[in-house]
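Commentary on secondary and tertiary structure
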Amino acid sequence: MKQSLKSALIKKFSKIELNESQLTQLIDTDLADVGRSYNPVVKQLLVCCSIVLMLVFGNYSYQSYSAHNLLDSIANEMVNNHLKQKPLEVKSDDISIVLNYFTELDFNPLRVSGITGVNGDQLLGARYCSIKGVTAAQFRIRNADGTLASLYQGVLPEKQLNLIPKLKSGEQGSVHNIKGVKVEIWRNKGVVFVSVASHD
Amino acid sequence: MFTKENLNKLYRYCYALCDDRTDAFDLLQASVEKCLKQPPKDIKALQGYAFRTIRNTFIDSVRSKKTRESEEFDETVHVALDHDIRSLESVLITQTELEVAWSKLFKIEREILFLWAVEGYSTSEVANLLDKPKNSILSIVHRMRARLINNRDTQLVDKKKL
């Protein structure tokens, strides 16, 4: 029976179908590949996330490395300074007199518990010193147990200052043990504090 | 990614190219693997993408075999014709005549017939998929139509002789 070419072709192709075995084989290939192949958009997202993670982690690692180096360097410098026990430039246990002595600093030294004698410690006096080449104040204290301790206060350029741990109440600063003395470094109100004392 | 319906549709296209069920399945399998390894950016364009992949895979295999038909497949005739692919709609044929004629068609002719009749492609869409000028497609359609009619009439004469 004559029919249009189109109808004849549609009829011919309607008989062309994959059998069950062929379909299973192809669907298995498809499913097996889904596990290892991602949509291109997902691929691009994964690449972007990897780059961001690398940058963040790289930056974090670099900052950690820089902070570690800076704190180590400050701790060593302050321990050497403390051990030299250079003569005090102002001798007094009156915190007001000692603080008034510092007229050449670029910051105001803070009245903190370490130098106000609230813990039974005795302020002996103070002198100018430097932290990383920047003029700073050194306070010398005799602890209740008779040992000598130093508390340094100074400021640093912002980039370095930001690497110093900022303490919340109850937290401890960065602690270092160098040449038999304990060093603790922290910052508060934009001022760097370094406490150097013999071990308990 | 592919549904049963998708796969059957692609298989029919493979069959139009290969004119052999086994070869068609091999071509489909190779093309599906290629599509899965490098899926389209827009999943909605999957069918067009799969058709192109099938066609490229087929051309590669034909080229590697270096058969005479591969030259025919690449044939392009730049003749502007007034014919449209719809001119094929006026051809009347029996199922048996089609089967006989089908085996005598070139690959590109089978492909055009499949895309036009089964997939409902226009001349422009066929030209776009086959990456050929529209005039080349029309030229092929024109000659194919003449051959189909001639072949049908020859079969009719042969039948009468018998």
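Reference entry: report on the structure contained in this document. (Residues numbered from 1 in each chain as written. Chains lettered and ligands numbered in written order. Predicted model: local features only at pLDDT ≥ 70, side-chain atom pairs only at ≥ 80, totals over all residues.)

Let us now look at the overall build of chain B. Counting secondary structure elements, chain B contains eight helices and one strand. The helix and strand sequence of chain B, counted from the amino end, reads α-α-α-α-β-α-α-α-α. The buried share of chain B, reckoned over its 162 residues, is 29%. A separation threshold of at least 6 residues defines the contact pool for chain B, and within that pool the share at least 24 residues apart is 66%. (Helix = DSSP H or I, 4+ residues; strand = E, 2+ residues; numbered from the N terminus. Buried ≥ 20, exposed ≤ 12 C-beta atoms within 10 Å, placed from the backbone. Contact = placed C-beta atoms within 7 Å.)

So, on to the nonpolar core. Counting 45 residues, the largest nonpolar core has Cys14 and Ile112 of chain B as the members making the most contacts within it. Residue contributions to this core peak at nine residues, all from helix 1 (residues 4–18) of chain B. Setting aside chain neighbours within four positions, we find cysteine 14 of chain B in contact with Ala24, Leu27, Leu28 and Ile54 of chain B. Residues Ile131, Val183, Val191 and Phe193 of chain A belong to the second largest nonpolar core, which totals 30 residues. (Core = buried A, V, L, I, M, F, W, Y, C linked by C-beta atoms within 7 Å.)

This next bit is on the packing of helix 1 (residues 5–14) of chain A against helix 6 (residues 107–117) of chain B. Here helix 1 of chain A crosses helix 6 of chain B at 95°, and the two axes come no closer than 9 Å. Comparing their axes, helix 6 of chain B and helix 1 of chain A come out roughly perpendicular. Along its contact with helix 1 of chain A, which presents Lys6, Leu9, Ile10 and Phe13 of chain A, the element helix 6 of chain B presents Leu113, Phe114 and Ala117 of chain B. The residue inventory of the contact of helix 1 of chain A with helix 6 of chain B, partitioned by class, reads six nonpolar, no polar and one charged. (Axes fitted to C-alpha atoms, helices over the stretch in contact; angles between N-to-C directions. Parallel < 35°, antiparallel > 145°, perpendicular 65-115°, else oblique. Nonpolar A, V, L, I, M, F, W, Y, C, P; charged D, E, K, R; others polar.)

What follows covers the environment of glutamate 89 of chain B. The topology assignment puts glutamate 89 of chain B in the loop between helix 4 (68–73) and strand 1 (92–93). For the pair glutamate 89 of chain B and tryptophan 116 of chain B, spaced 27 residues apart in sequence, the C-alpha to C-alpha distance is 9.9 Å. The contact partners of glutamate 89 of chain B, leaving out residues within four places of it in the chain, are Ser4 and Lys6 of chain A.

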